[in-house]
There are 4 protein chains.
Amino acid sequence: MIKASIIGASGYVGVELIRLLLRHPEVEIVSIISSSSNQLSIDKTNPQFKKVSNLVFEEFKIEAIQEADVVFCALPHGISQEYVKIGYDIGKVVIDLSADFRYKDLQRYAKDYSQHKYPELLSKSAYGLCEINREEIKNAQIIGNPGCYPTSAILGLAPLLKNKLVDKNSIIIDSKSGVSGAGKKFDFAYSFCELDENFKAYSVTKHRHTSEIEEKCSFLFGEDLNLSFTPHLLPVKRGILSTIYANLIKKIDKNDLVEIYNEFYKDEYFIRIFEDELPELKYVRGTNFVDIGFEVDKKTNRVIIISCIDNLIKGAAGQAIQNMNIKFSLDEKMGLIMVGEYF
Amino acid sequence: MIKASIIGASGYVGVELIRLLLRHPEVEIVSIISSSSNQLSIDKTNPQFKKVSNLVFEEFKIEAIQEADVVFCALPHGISQEYVKIGYDIGKVVIDLSADFRYKDLQRYAKDYSQHKYPELLSKSAYGLCEINREEIKNAQIIGNPGCYPTSAILGLAPLLKNKLVDKNSIIIDSKSGVSGAGKKFDFAYSFCELDENFKAYSVTKHRHTSEIEEKCSFLFGEDLNLSFTPHLLPVKRGILSTIYANLIKKIDKNDLVEIYNEFYKDEYFIRIFEDELPELKYVRGTNFVDIGFEVDKKTNRVIIISCIDNLIKGAAGQAIQNMNIKFSLDEKMGLIMVGEYF
Amino acid sequence: MIKASIIGASGYVGVELIRLLLRHPEVEIVSIISSSSNQLSIDKTNPQFKKVSNLVFEEFKIEAIQEADVVFCALPHGISQEYVKIGYDIGKVVIDLSADFRYKDLQRYAKDYSQHKYPELLSKSAYGLCEINREEIKNAQIIGNPGCYPTSAILGLAPLLKNKLVDKNSIIIDSKSGVSGAGKKFDFAYSFCELDENFKAYSVTKHRHTSEIEEKCSFLFGEDLNLSFTPHLLPVKRGILSTIYANLIKKIDKNDLVEIYNEFYKDEYFIRIFEDELPELKYVRGTNFVDIGFEVDKKTNRVIIISCIDNLIKGAAGQAIQNMNIKFSLDEKMGLIMVGEYF
Amino acid sequence: MIKASIIGASGYVGVELIRLLLRHPEVEIVSIISSSSNQLSIDKTNPQFKKVSNLVFEEFKIEAIQEADVVFCALPHGISQEYVKIGYDIGKVVIDLSADFRYKDLQRYAKDYSQHKYPELLSKSAYGLCEINREEIKNAQIIGNPGCYPTSAILGLAPLLKNKLVDKNSIIIDSKSGVSGAGKKFDFAYSFCELDENFKAYSVTKHRHTSEIEEKCSFLFGEDLNLSFTPHLLPVKRGILSTIYANLIKKIDKNDLVEIYNEFYKDEYFIRIFEDELPELKYVRGTNFVDIGFEVDKKTNRVIIISCIDNLIKGAAGQAIQNMNIKFSLDEKMGLIMVGEYF
């Protein structure tokens, strides 16, 4: 059994990690750490856990993670790196769900977040986008779990980028996310009356996930590229659907794309290529799947890609567990085979 | 491994049965039967199953269920009894999710549904409300899985009825259900624009579940009783919350009730008694739990009980599997331990 | 033109008052008062007003209401009475939307809210339930606008109470409200992820509107009565549907009730009696109507009444304007004739 | 008073027309025509109209529109042109809400819809996008009311196209619509359980509104252009938000754009330019406004435009009335000044 600790365990992502780890056959949770819920039992703070778990939140102390094989950090960026450092120093595998270990380029990170305090740790870390970076993940002690938007966008684009099939300056990612992506917010803007029956774009041209997507897409393409990314807020709780546009640099039809995507992802359980119809949010809800479909607009020779994930699972807790499975040489699917609740 | 067939497998309840049985460690699905989806693979008709199952729907033939140990019938009442009879005659355990095997009193059934064609089979059947009727279930070849509203109402009332603590003529059940309770409807009244941001009562004084609830509550109380039941339609997909009112026949406070309910359900994993706060729909969503809480209104000496279930799980597919577990002497919780997705 | 000031103008009810008063042909808004939005223009704080109004919020000063004929107070109880007193003292008609002027019995108010500071003003005030209390409203300088739940409950029950047709100890009011009823809340419990697809009861046996409903129902019945009131939170933005139960003291059928209600409300434009079908939330959304329907449960001789309102209009801002129309001898419907948006 | 008839009056758009015309001070509705609701009173079929209107639906006969000055046709394309022809032939002003009179190019229409039966009538018709085509509308006897998506897209792009500021081959329109845009559908795909908490793209590269948008944008730009248009289905009832991308052909910053848009729309009441923040669906719900905001992505020199409308009002019934106002030389805003209900 792998022993796991979760720091920042009472937020939406932390609780989702607990929910998923409880059903993992090879994991034992040894501590759940949250200063705000310190001493409270999870079946009190989150009654959905009644009869299933009575784990008790505790404050962070080094002893709380001493027993763990793997430490999950579900903390805000900036703060997270402090705990990653502590875990790293005592030899733990650390899977960080903040932005702190997602970048190779410190300047990109500094520009969009803040000065990194432990740049030396970055070289020990891998970007945890499992399908793209599996080998690096196996060898790293720190894994920077990707952002939710970047997961949907990069996996949707990877086969095209790797095969250099698109004009690198033409990429537009129009993403729509459920509200849980904002985390457990005590903010009027996230209140029911402000969001139900509403829809809006936000942080247009300014969202921090843009630089993460650009860095990784540039690696895949082999050249630096810039792209446009526009996030929107859907009146749903879970899920991201990204509609991605790119100009094809040669005539390719939909059948060619099906073949290219099927080949690129042929060994990937969690990638589902939709050949006939298009993916919808409800098919991935509650799962670790990435559903990808596409059309070619012949008039403009543009490809339109639809890429869907559950932001809390493949976009956060599920991918973190997939990374753990990779790192600890378990079956990558373990604990993560789920059919969406659909409704 | 227990071999299972599902007849009527393409409706909302049928698909939920498939989803849940796929994660049951001791069950193998041998056939999924649906005339409307005949020959189609479930990952085509319901893309949420992609990569998890490629079971193919088939038309009903006796051979299709020959191999099964247990047959689940998720068909409309009236039609269902025909298939139950066939399954019964060839010696299968049959778990029927229609109303056809829920009643002891044929006249109640005839009045609210239609003349029963196989009354002799009723004596071979048990009402599948697991927590109340476990011994009978073990010994029956046919199990009539309870209605969704009755499950929430009867389990909420049972400790009071059994202990004769309430005025038998004072019971009022005000229930609110998610839309999936209506099944897979091709009906304008269930369209998004007609239901979203809406709320309504329906079938007031006329809903068929009333007689089912009355029959079972009368058994528990030991005398015939009449009650009022009012269903409402919530703009949510899953879940039933019943608010139940009854006049107490002696002074009892909330602490007494907590004790009575805890004692009554002390061995029941799926019943969760809320002592401090009150249950909410989101805590049971996606689970087989029944969450029960209550308050005593001292001025009127009335008890108010809140009882929540997921209508598709404890109210249908989950309870059917719980019945199967009972009947086949498996751990009753097998395949049914779940923390709700919450959001 | 009647000149109106609104104190507490930036909350949900205040903004709704502004929206409705702007379309009233005989009203001119002379000041909108809000300390939190002081100096801001409403088309900045609430962009839905762009191009329609650029009224500017100001802080409270006596001069700000000096010009007004009528002052609406949309402030929290306790605080509100201070401003009502000021308005009263300088001779303004004051319509108060808090609980401060709803009670005749100071002890009820003190028990559920706090000690009233200006009991002498209560005798100058009328309870502003227009259809029941029109004459008193005409003669009062202060009008205590009813609570949203009480409006739906009392108007649903009035014909039965006035005609003494029900057992006074048998009344149960099971109400379901949209989220805007909680006001403009900066509270995690009202965030989208906590409420969407959820449903819950709250303040069971303890909600403060119980005593308001009891006082007014007792007046109508002519004897003191106690009742049970259970509020629930619907995942919709606007609207209250109350399902009301009472034991009839003689055999009455639905047709009799239709006649009684039609007679009782024969001159009331805003009351719509549903004879055939039942009211639904969507029919009243965005209007000042009260939709009432009913069934008689013959087995138990119980009446079940469905009463629907828009909590922000008939339950708050609309009824306040209706009170103003009454007080200033305008056509009671003026500015309030609306067909619901439906969707 | 202008006398109006509505053909196809029982669909979502027809009912919205009735709702809005009832509040228009210079309009009298003389007939509402619907074969499916023939002889029924609108307060029976649509109870939200109780106490406000008891207009009775009738079957189409020439006499039913004889008295009208203006005939609104809210029928499916293909069928609609038959009724437009009848109305035209007896000299009525006809405002058609189908696609039948939106195109100048008959081949575009034929390709996406069907062969037009009355091409000679097209030359008598004007495209009813009020802000762009006011003069033509004044002089036409037939007005082809624009599609909902085209209204949001074209008005969002017009200032850029007219000023030739964008690369004509770079335009991408990513639109998200509420469900009422699909009309009153009796289709399983539009049922609550299939759409709530879901989100999807549909008709990607194939939606018929593409050719309407292209034709009108080409006129504005002065050259033929092709663009990509992707519609999506939001789990809300009303509203369209279009996110529009285009490459700028010279360096322009956001302030320049504000100036260009303010200048272009300086006399347009229904266009609201958002200079600081971005528009959201909730600000336009229930109104005839078009809310437009934008950002410039400096890295890619791309403009991102957000354009919001209420699909049933500015996208259908409201714009039809605005066209009527123009045609009959009324104040263009008459009957259409509304603040959105917001929630």
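All of these numbers come straight from a predicted model, not from anything done at the bench.

Student: Explain the nonpolar core here, please?
Tutor: Counting 105 residues, the largest nonpolar core has Phe72 of chain B together with Ile18, Leu21 and Phe72 of chain C as the members making the most contacts within it. Aside from chain neighbours lying at most four places away, what touches phenylalanine 72 of chain B is Ala4, Ser5, Ile6, Ile7, Leu17, Leu21, Ile95, Leu97, Ala320, Ile321 and Met324 of chain B. Among the nonpolar cores identified, the runner-up in size contains 104 residues, and Phe49, Ile95 and Ile137 of chain A together with Ile32 of chain D belong to it.

Student: Explain the relation of the copies chain C and chain A to me, please; I cannot follow it from the model alone.
Tutor: For these two chain copies, the linking operation is a rotation about an axis paired with a shift along it. Of the transformation placing chain C onto chain A, the axial shift is 0.0 Å and the rotation is 180°, giving an RMSD of 0.0 Å. Taken together, the turn and the small shift mark the pair as related by a two-fold rotation axis. Take the interface residues of chain C: 100% of them recur as interface residues in chain A, which is what a same-surface contact looks like.

Student: Explanation requested: the packing of aromatic side chains in the structure shown.
Tutor: Here the distance between the centres and the angle between the planes together describe a pair of aromatic rings. Summed over all chains, the structure comprises 51 aromatic pairs over all chains. When the ring of tyrosine 109 of chain A is compared with that of tyrosine 113 of chain A, the centres are 5.2 Å apart and the planes differ by 15°; the resulting orientation is stacked. In this structure, tyrosine 109 of chain A and tyrosine 113 of chain A share a single accessibility class: buried. Clustering of aromatic rings is evident, with ring pairs tying together Tyr261, Phe264, Tyr265 and Phe294 of chain C. Lysine 333 of chain A extends its terminal NZ or CZ atom over the ring of tyrosine 269 of chain A, reaching a point 5.6 Å from the ring centre.

Student: How should the interface of chain C and chain B be read in this particular structure?
Tutor: Bring the parts together and some accessible area is lost; that lost area is often taken as the interface size. Contacts between the two partners involve 48 residues from chain C and, on the opposite side, 46 residues from chain B. The interface formed by chain C and chain B holds 12 salt bridges in total. The partner of glutamate 214 of chain C in a salt bridge is lysine 299 of chain B, with the nearest N and O atoms 2.5 Å apart. For the interface between chain C and chain B, the tally reads 39 residue pairs in polar contact (both at pLDDT 80 or more). Ranked by residues supplied to the side of chain C that touches chain B, first place goes to strand E8 (residues 172–177) of chain C with four residues. Its residues assigned to classes, the side of chain C that touches chain B shows 21 nonpolar, 11 polar and 16 charged.

Student: Looking at this structure, how should I read the sheet that holds strand E11 (residues 240–247) of chain B?
Tutor: Pairing between sheet strands relies on hydrogen bonds along the backbone, with the strands arranged either parallel or antiparallel. Residues and elements named next belong to chain B. One open sheet accounts for seven strands, arranged E9-E10-E8-E11-E14-E13-E12; its pairing is mixed. The open sheet is flanked by strand E9 (200–201) and strand E12 (271–273), the only strands paired with a single partner. Relative to strand E14 (residues 302–309), E11 is paired through eight bridges, and the arrangement is antiparallel. From the neighbouring strand, asparagine 247 faces E14, where its bridge partner is arginine 302. Those strands touched by helix H11 (residues 254–264) are E12, strand E13 (290–297) and E14, and its axis lies near 155° from that of E13.

Student: Got a minute to help me understand the interface of chain C and chain A in this structure?
Tutor: Each partner contributes to the interface: chain C provides 18 residues, whereas chain A provides 18 residues. Carbon and sulfur atoms supply 71% of the area buried between chain C and chain A, which totals about 1600 Å² over both sides. Its largest share of buried area at the contact with chain A, chain C owes to Phe188, Phe192 and Lys237 of chain C, together 43% of the area lost on that side. Taken together, chain C and chain A are joined by zero salt bridges. Between chain C and chain A we count six residue pairs in polar contact (both at pLDDT 80 or more) in total. Of the residues forming the side of chain C that touches chain A, the biggest block, four residues, is contributed by helix H9 (residues 192–195) of chain C.

Student: Whenever I open this one, the UniProt feature "active site" in chain A confuses me. Can you help?
Tutor: Residues and elements named next belong to chain A. In the numbering used here, UniProt assigns the "active site" feature to Cys148. The exposure class assigned to cysteine 148 is buried, which follows from its relative accessible area of 13%. If sequence neighbours within four positions are ignored, cysteine 148 has contacts with His209, Ile240, Ile309, Asn311 and Gly315.

Student: Is there a simple way to think about the relation of the copies chain C and chain B in this case?
Tutor: When chain C is fitted onto chain B, the two copies agree to an RMSD of 0.0 Å after a turn of 180° and an axial shift of 0.0 Å. Of the interface residues in chain C, 96% have counterparts in chain B that sit at the interface too, so the contact is made through matching surfaces.

Student: Could you clarify how one ought to interpret the domain arrangement of chain A in this entry?
Tutor: Residues and elements named next belong to chain A. Structurally, chain A comprises domain 1 (2–146 + 314–327) and domain 2 (149–310). The distance between the C-alpha centroids of domain 1 and domain 2 comes to 25 Å. Counting from both sides, the interface comprises 24 residues of domain 1 and, opposite them, 31 residues of domain 2. The junction of domain 1 with domain 2 conceals about 2200 Å² of combined surface from both sides, 51% of it contributed by carbon and sulfur atoms. Applying the counting criterion to the domain 1 and domain 2 interface returns five salt bridges. Between arginine 238 and glutamate 16 there is a salt bridge, with its nearest N and O atoms 3.0 Å apart. Counting the contacts that link domain 1 with domain 2 gives 19 residue pairs in polar contact (both at pLDDT 80 or more). Where the side of domain 1 that touches domain 2 is concerned, the elements lending two or more residues are helix H1 (12–22), helix H5 (106–112), helix H7 (130–139) and helix H13 (313–327).

Student: Before we go on, may I ask you to explain the packing of H7 of chain A against H13 of chain A in this structure?
Tutor: Each pair of packed helices gets described by two things: the angle between the helix axes and the distance between those axes. Residues and elements named next belong to chain A. Two numbers describe how H7 lies on H13: the axes approach to 9 Å, and their chain directions differ by 45°. As judged from the angle between their axes, H7 and H13 are oblique. Like other packed secondary-structure pairs, H7 and H13 cross with a definite hand, here right-handed. Between H7, through Cys130, Glu131, Arg134, Ile137, Lys138 and Asn139, and H13, the contact on the second element is made entirely by Lys314, Gln319, Gln322, Asn323, Ile326 and Lys327. Residues of the contact of H7 with H13, tallied by class, amount to three nonpolar, four polar and five charged.

Student: Just to check I follow, could you spell out helix H10 (residues 209–221) of chain D for this structure?
Tutor: Think of an α-helix as turning once every 3.6 residues; residues three or four places apart then point the same way. Residues and elements named next belong to chain D. Between the first and last C-alpha of H10 there are 18 Å, a value that for 13 residues agrees with the 18 Å anticipated at 1.5 Å per step. By the criterion of burial, H10 is predominantly enclosed, with 12 of the 13 residues buried. Listed as buried for H10 are His209, Thr210, Ser211, Glu212, Ile213, Glu214, Glu215, Lys216, Cys217, Ser218, Leu220 and Phe221. On its buried face, H10 is in contact with helix H5 (106–112), strand E6 (125–127), helix H7 (130–139), helix H8 (148–162), strand E8 (172–177) and strand E10 (228–233). The first or second residue beyond H10 is glycine 222, which carries a positive phi of 90°.

Student: What am I meant to see in the pattern of salt bridges here?
Tutor: Counted according to the given criterion, the structure contains 124 salt bridges over all chains. Put simply, aspartate 331 of chain A and lysine 333 of chain A hold a salt bridge, and the shortest N to O gap is 3.4 Å. Aspartate 331 of chain A gets classed as partly exposed once you look at its relative accessible area, which sits at 40%. Several salt bridges converge on common partners, so that one network encompasses Asp105, Arg108, Glu214, Glu215 and Lys216 of chain A together with Lys299 of chain D.

Student: What is the right way to read the side chain of glutamine 319 of chain B from this model?
Tutor: Within the secondary structure, glutamine 319 of chain B is located in helix H13 (residues 313–327). Setting aside residues up to four positions removed in sequence, glutamine 319 of chain B forms contacts with Gly128, Leu129, Cys130, Glu131, Asn145, Pro146, Thr151, Asn288, Ile313 and Lys314 of chain B.

Student: Looking at this structure, I do not really get the sheet that holds strand E6 (residues 125–127) of chain C. What am I missing?
Tutor: All names here are of chain C. The seven strands lie next to each other as E3-E2-E1-E4-E5-E7-E6, forming an open sheet whose pairing is parallel. Of all strands in the sheet, those with a lone pairing partner are strand E3 (57–58) and E6, marking the two edges. In the sheet, strand E2 (residues 27–33) pairs with E3 via two bridges, with the strands oriented parallel. Each residue of the ladder has a partner; that of isoleucine 33, found in E3, is glutamate 58. Each of strand E1 (2–7), strand E4 (70–73), strand E5 (93–96) and strand E7 (142–144) touches helix H4 (residues 80–89); the most contacted strand, E5, lies at about 165° to it.

Student: Help me understand the environment of threonine 243 of chain D in this model?
Tutor: Turning to its location among the elements, threonine 243 of chain D is positioned in strand E11 (residues 240–247). Along the backbone, threonine 243 of chain D and tyrosine 190 of chain D are 53 residues apart, and their C-alpha atoms lie at a distance of 24 Å. Every residue in contact with threonine 243 of chain D, bar those within four places of it in the chain, is listed here: Asp174, Thr230 and His232 of chain A together with Ile172, Ile173, Asp174, Lys176, Ile304, Ile305 and Ile306 of chain D. Within the local environment of threonine 243 of chain D, its side chain forms a polar contact with the side chain of histidine 232 of chain A, the two groups lying 2.7 Å apart. Polar side-chain contacts of threonine 243 of chain D include one of 2.8 Å to the side chain of lysine 176 of chain D.

Student: Would you take a moment to explain empty space enclosed by the protein for this structure?
Tutor: Sizing a probe to match a water molecule and rolling it over the atoms shows the empty space that remains. Applying the stated criterion across every chain, the model contains seven cavities of 30 Å³ or more. A volume near 70 Å³ is recorded for the largest cavity. Lining the largest cavity are Asp196 and Pro235 of chain A, Asp196, Glu197 and Pro235 of chain B, Asp196, Glu197 and Pro235 of chain C together with Asp196 and Pro235 of chain D. Considering only residue class, the lining of the largest cavity consists of four nonpolar, no polar and six charged.

What counts and how
Residues numbered from 1 in each chain as written. Chains lettered and ligands numbered in written order. Predicted model: local features only at pLDDT ≥ 70, side-chain atom pairs only at ≥ 80, totals over all residues. Heavy atoms only, no water. Core = buried A, V, L, I, M, F, W, Y, C linked by side-chain atoms within 4.5 Å. Buried < 20%, exposed > 50% of the residue type's maximum accessible area, 1.4 Å probe, protein only. Contact = heavy atoms within 4.5 Å. Least-squares fit on C-alpha atoms with pLDDT ≥ 70 in both. Phe/Tyr/Trp six-rings, centres within 6.5 Å; stacked < 30°, edge-to-face > 60°. Lys NZ or Arg CZ within 6 Å of the ring centre and 35° of its normal. Salt bridge = Lys/Arg side-chain N within 4 Å of Asp/Glu carboxyl O. Polar contact = N/O pair within 3.5 Å; in protein donor to acceptor, adjacent residues only side chain to side chain. Helix = DSSP H or I, 4+ residues; strand = E, 2+ residues; numbered from the N terminus. Nonpolar A, V, L, I, M, F, W, Y, C, P; charged D, E, K, R; others polar. Pairing = 2+ DSSP bridges. Axes fitted to C-alpha atoms, helices over the stretch in contact; angles between N-to-C directions. Buried area = accessible area lost by both parts, 1.4 Å probe. UniProt positions renumbered as here; feature names shortened; annotations may be inferred. Domains from an automatic or database assignment. Parallel < 35°, antiparallel > 145°, perpendicular 65-115°, else oblique. Left-handed = near helix turned anticlockwise from the far one by under 90°. Expected span 1.5 Å × (residues − 1). 1 Å grid on protein atoms, 1.4 Å probe; cavity = no way out; pocket = protein on both sides within 12 Å on 5 of 7 lines; lining within 4 Å. Points joined across faces, edges and corners; volume = space filled by probe spheres on them.

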